[in-house]
Amino acid sequence: MSEAHSGLVAHQFETAEQQRETANLGMWSFLITEVMMFGALFTAYGFYRTKYPAAFAAGSDHLDYLMGAFNTAVLICSSLTMALAVQAAQHGKRKGIILFLLLTILLGGVFLGVKVLEYADKYEHHLIPGIHFSVDSSYAAQIELFYCFYFAMTGLHALHMIVGITILGILVALSHRRRFSTDYYNPVEMAGLYWHFVDIVWIFLFPLLYLIGRS
Amino acid sequence: MSAHKIPARIYYLIFATLLLLTMITVEVAFYDIGILSFPVALGIACFKSTLVILYFMHVRYGTGLTGLFVSAGFIFLAILMVFTLMDLNTRDWQVQPDESGISLAAPFDHGYGIGKQLR
Amino acid sequence: MSNTVAAASRPEPDNNYLTAGYGLKSWLLTTDHKRIAILYLIMISVFFVIGGLFAVLIRLELLTPAGDLVSSDTYNKLFTLHGLVMIFFFLIPSIPAVMGNFLIPLMIGARDLAFPRINLLSWYVFAIGGMTTFAVVLFGGVDTGWTFYTPYSSTYSKTAVGLTAIGVFITGFSSILTGLNFVVTIHKMRAPGLTWFRLPLFVWAHYATSLIMLIGTPVVAITILLVFLERVFGVGIFDPALGGDPVLFQHLFWFYSHPAVYIMILPSMGVISEVVACFSRKRIFGYGFVAFSSLAIAVLGFLIWGHHMFTSGQSIFAGMVFSILTMLVAIPSAVKVFNWTATMYKGSISYETPMIYVFGFLGLFTVGGLTGLFLGALGLDVHVHDTYFVVAHFHYIMVGGAIMGYLAALHFWWPKITGKLYSEAWAKLSAIIIFIGFNLTFFPQFLVGYLGMPRRYHVYPDEFQIFQVLSTAGASILAIGYAFPAFYLTWSLFRGKAAPANPWNAKGLEWTVPSPPPKHNFDTIPVVEEEAYDYSRLEEEVV
């Protein structure tokens, strides 16, 4: 067994450096699967948008682009606070980690709150596909298809946000118990990668869903 | 830990650029630039994500292996999209009947013309 | 590989992974990759038997032209469940999750996989997916075919499609987690000196396989989820009546499911490389070509999925592109077959059981691969699509290729895994029975398919009966061949002679540790100083 086998390095690794690089590569491999999972939805979306451009523009018209833009800004802010949390971890500033993680959670909460308002608005305007949908249009079925993708994509994204917020909450608790140091902060770094990825998904969702045919 | 420590000023700079680009995306959407509007919106989104990946996610300061993994993910996604849309966009390429009146066209027409009618 | 890691330095017989802890809990909560491999082995063996029973019923029904054994509805459920169980619960996890799990850390000189707990999680996820599929059988089965083609699956089928979709969705995550673990392990856990071009080709093959699992599986997972949502909420994502496009479903489905064929065959190819080198006492011919052909197959596999859709409404242009690209996959596959053959050339070949399976693999895979080119040719496919020709083709690849490779692996590494030797005479006999039974089962299907008998029908014209009778007769022989190993391998567990560390005199780090391996694999992490398959040096040492 190597000397580096202190409590922080799992038995299958030789050094803390190897463990850190392995965790990093594992996280990126996981993010590739996420890219492909959202990517399949984006492909299907692109397919139908190419097929029914007018219907998709009409569907997008019912969305409130200001709310979308506001949420984009909120998520970008949360990405900044997340990056600063990781930086605080690198420098071993425990209070910094907790502060920035809490800010990130707060911003994530704001995002989800706005999302709830938007979903409620869609329900009021009978725009929930399958359950509660009626649009006065000659191609209502195609508009319903747009809303299928709107809910599938933003729903999957929101699910990722909820998972992310839960993870960040756990990290706050761990950080409070002094589990992280400049020698060991892999979980904070990995959670950061995840959070930024969720941000990237929204960076694409916003123009693709909210900004079609506005001109 | 040999992780690269990036000064906070870079984070703030990237953050400001991302916000600015978001405003530009919204502005551009309201200008009538015809068929360019979709590629422009997508281009800005790609640029924004590249910034996030390179700086917030530290790929610029990481190993080449991480960069390879990120690119691989997006390359395979591009394969999925390009080939799927290739099918959709070439369905109308049917051979017209020649003088003998024998149609060489594919026997498939599932009423996919609907997209055209809506345009 | 360094021979300084002497097996003999660890004589304590009680200190291996099998005796490191007793009781159910020590197995169900283990994070040892070797024990997880055994858990997988037990589970997929059960699924293989279940999938086999469905096949038995199918073959019995097809013995006569009339539909006299089961109704058409039951028949639809039988072939669907046969495909589902065999593909998702046997073939895809077979070699990676059992052999790969057990061997990759040993082969690369690591104490475990990179993420041992995720490895255990993947087994539990697999078990839950499997239980869901059992539930499907209890709730009356599913009749869409394993391909779930819409809109039949999403709108019209009255069977338990939703539950099946959830089962497949869950199982997909097990596959993703295994693939992720392997990719990271192979990148980061190699022993000092074990460079990429010193890796055993088994590891290269598993690297390529894992890439496909990582990239492809999420796509089919989300697609199946969309089918599920479409069923539950009655929306029309893939329903043409509501503006959806069923061909899009096929694109997304085959983007994974075509490369999934390579998930099944690539690990087998890795096994063949190991076994051929060992029993020809030679370094693999053209190591670099064999290694890169695995990666080439993985990448090209993602460019050709459209050849499953030549007759289902895809544009003619796309069909031509996919047809041409399909031909390219023949190149790396042929490179492998030629290099294995060239490895045997002038080698001192011995005919142990694993090698018999390799001979079987080489012949059957070549037939399966070449008939794949028939099907990949745009024009010819119009004639043979959805006939028994297709059925015969993919059984030659999956049973003749993947399962032959799996059995070769099981016989090659059985002494290492269990520490026991099996009866060589019985094993050879069963290998020969399987080869004969297999060909008798599936070769007539090429003929009857070319004559025009479509697949998935339980009633057929009288003139096809002779072929179906031959096929059913062959299936009976095949079943006997498969039953044999179950008996003599189990018998060896209790009565077999103890295996030495290296019964085949093979190269590779896994043979330097005792059989069965100790719990933490290596006392000292080995330092590798030589190329893979350096059999010439081994021969000198022996002399």
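All of these numbers come straight from a predicted model, not from anything done at the bench. (Residues numbered from 1 in each chain as written. Chains lettered and ligands numbered in written order. Predicted model: local features only at pLDDT ≥ 70, side-chain atom pairs only at ≥ 80, totals over all residues. Heavy atoms only, no water.)

**Section: the overall build of chain B**
- Each helix and strand in chain B was counted, giving four helices and zero strands.
- For chain B, the N- to C-terminal ordering of α and β elements is α-α-α-α.
- The burial tally for chain B puts 38% of its 119 residues in the buried class.
- Looking at chain B alone, contacts between residues at least 24 apart form 52% of all its contacts between residues at least 6 apart.
- Only carbon and sulfur atoms are counted for the fraction: they give 67% of the accessible area of chain B, which is about 7,000 Å². (Helix = DSSP H or I, 4+ residues; strand = E, 2+ residues; numbered from the N terminus. Buried < 20%, exposed > 50% of the residue type's maximum accessible area, 1.4 Å probe, protein only. Contact = heavy atoms within 4.5 Å. Areas by Shrake-Rupley, 256 points an atom, 1.4 Å probe, with all protein chains shown as cover.)

**So, the interface of chain B and chain C**
- Of the residues lining the interface, 16 residues belong to chain B; the matching set on chain C comes to 26 residues.
- Here chain B meets chain C over a buried area of about 1,900 Å², counting both sides, of which 80% is carbon and sulfur.
- Our count for the chain B to chain C interface comes out at one salt bridge.
- Residues Arg 91 of chain B and Asp 245 of chain C are paired through a salt bridge, measuring 2.8 Å at the closest nitrogen-oxygen approach. (Buried area = accessible area lost by both parts, 1.4 Å probe. Salt bridge = Lys/Arg side-chain N within 4 Å of Asp/Glu carboxyl O.)

**Some remarks on the interface of chain B and chain A**
- Counting residues at the interface gives 53 residues for chain B, matched by 56 residues for chain A.
- Here chain B and chain A share an interface that buries about 4,800 Å² over both sides, 79% of which is from carbon and sulfur atoms.
- Scanning the region where chain B abuts chain A turns up zero salt bridges.
- Where chain B meets chain A, there are one residue pair in polar contact (both at pLDDT 80 or more).
- Those elements giving two or more residues to the side of chain B that touches chain A turn out to be α1 (8-29), α2 (37-56), α3 (64-89) and α4 (114-118) of chain B.
- By residue number, the principal contributor to the side of chain B that touches chain A is α3 of chain B, which donates 14 residues.
- Tallied by class, the residues present in the side of chain B that touches chain A amount to 37 nonpolar, 11 polar and five charged. (Polar contact = N/O pair within 3.5 Å; in protein donor to acceptor, adjacent residues only side chain to side chain. Nonpolar A, V, L, I, M, F, W, Y, C, P; charged D, E, K, R; others polar.)

**Details of the environment of Ser 423 of chain C**
- Relative to the assigned elements, Ser 423 of chain C resides in the loop between α13 (388-418) and α14 (424-450).
- Ser 423 of chain C sits 66 residues away from Leu 489 of chain C along the chain, and the two C-alpha atoms are 8.1 Å apart.

**Things to note about the packing of aromatic side chains**
All names here are of chain C.
- Under the definition given, this model contains 69 aromatic pairs over all chains.
- Aromatic pair Phe 374 and Phe 389: ring centres 5.7 Å apart, planes at 25°, arrangement stacked. Here Phe 374 is found in helix α11 (residues 353-376), whereas its partner Phe 389 is found in helix α13, with 15 residues between them in sequence.
- With a centroid separation of 5.4 Å and 70° between ring planes, the pair formed by Phe 412 and Trp 511 is classed as edge-to-face. (Phe/Tyr/Trp six-rings, centres within 6.5 Å; stacked < 30°, edge-to-face > 60°.)

**Brief notes about the side chain of Arg 35 of chain C**
Residue and element names in this part refer to chain C.
- Mapped onto the secondary structure, Arg 35 falls in helix α2 (residues 33-61).
- No salt bridge forms around the buried Arg 35; measuring N to O, its nearest opposite-charge neighbour Asp 32 is 5.2 Å away.
- Of the polar contacts made by the side chain of Arg 35, one reaches the backbone oxygen of Tyr 17; its length is 3.0 Å.
- Residues contacting Arg 35, with those up to four places away along its chain left out, are Tyr 17, Leu 18, Thr 19, Ala 20, Gly 21, Ser 26, Trp 27 and Thr 30. (Lys, Arg positive; Asp, Glu negative; His and termini not counted.)

**Topic: the domain arrangement of chain B**
- According to the domain assignment, chain B contains domain 1 (1-61) and domain 2 (63-92).
- Between the C-alpha centres of domain 1 of chain B and domain 2 of chain B the distance comes to 21 Å. (Domains from an automatic or database assignment.)

**Remarks on the nonpolar core**
- One finds Tyr 48 of chain A together with Trp 413 of chain C to be the most contacted residues of the largest nonpolar core, which totals 300 residues.
- Here this core spans two domains, and each of domain 1 (1-61) and domain 2 (63-92) of chain B adds at least three residues to it.
- Every residue in contact with Tyr 48 of chain A, bar those within four places of it in the chain, is listed here: Phe 56, Leu 145 and Phe 149 of chain A together with Ile 237, Phe 238, Gly 243, Gly 244, Asp 245 and Leu 248 of chain C. (Core = buried A, V, L, I, M, F, W, Y, C linked by side-chain atoms within 4.5 Å.)

**Regarding the pattern of salt bridges**
- On inspection of all chains with the given rule, the structure shows 13 salt bridges over all chains.
- Where Glu 21 of chain A meets Lys 188 of chain C, a salt bridge forms, and the shortest distance between an N and an O atom there is 3.2 Å. On the criterion of chain membership, the pair formed by Glu 21 of chain A in helix α1 (residues 16-51) and Lys 188 of chain C in helix α6 (residues 161-188) is interchain, its members lying in two chains.
- On the basis of relative accessible area, Glu 21 of chain A is assigned to the partly exposed category, the value being 29%.
- With a closest N to O distance of 3.0 Å, Asp 245 of chain C and Lys 51 of chain A form a salt bridge.

**A few points about the packing of helix α4 (residues 94-124) of chain A against helix α5 (residues 140-176) of chain A**
Residues and elements named next belong to chain A.
- Put simply, α4 and α5 touch, their axes get as near as 9 Å, and they point 155° apart. Looking at the two axes, α4 sits roughly antiparallel to α5. Viewed along their axes, α4 and α5 form a crossing whose handedness is left-handed.
- For the contact of α4 with α5, the class distribution of residues is 18 nonpolar, nine polar and four charged. (Axes fitted to C-alpha atoms, helices over the stretch in contact; angles between N-to-C directions. Parallel < 35°, antiparallel > 145°, perpendicular 65-115°, else oblique. Left-handed = near helix turned anticlockwise from the far one by under 90°.)

**Things to note about helix α7 (residues 201-233) of chain C**
Residues and elements named next belong to chain C.
- Look at α7: 48 Å from first C-alpha to last across 33 residues, which is about the 48 Å you get at 1.5 Å a residue.
- The axis of α7 is deflected most strongly, by about 35°, at Gly 216, and proline Pro 218 appears within four residues downstream.
- Of all 33 residues in α7, 26 are buried; the element is thus mostly enclosed. (Expected span 1.5 Å × (residues − 1). Bend = angle between axes of the 7 residues up to and from the residue.)

**Description of the environment of Leu 211 of chain A**
- Structurally, Leu 211 of chain A is set in the segment after α6 (186-210).
- Spatially, the C-alpha atom of Leu 211 of chain A lies 8.2 Å from that of Asp 61 of chain A, the residues being 150 residues apart in sequence.

**Side note on the confidence of the model for chain B**
- Across chain B, the average pLDDT comes to 81, with 75% of residues at 70 or higher.
- Long-range and interchain partners of residues 103-119 of chain B, a stretch whose pLDDT sits below 50, account for 27 contacts in this model, where long-range means more than four residues apart. (pLDDT = per-residue confidence, 0-100.)

**Looking at helix α3 (residues 65-90) of chain A**
All names here are of chain A.
- Under the 1.5 Å per step criterion, the end-to-end length of α3 is 37 Å for 26 residues, consistent within 8% with the ideal 38 Å.
- For α3, the tally of buried residues reaches 20 of 26 residues, placing the bulk of the element in the interior.
- Looking at where α3 begins, the residue whose side-chain oxygen comes 3.0 Å from the main-chain nitrogen of Leu 66 is Asp 64.
- Downstream of α3 by a residue or two, Gly 92 has a phi angle that is positive, lying close to 70°.

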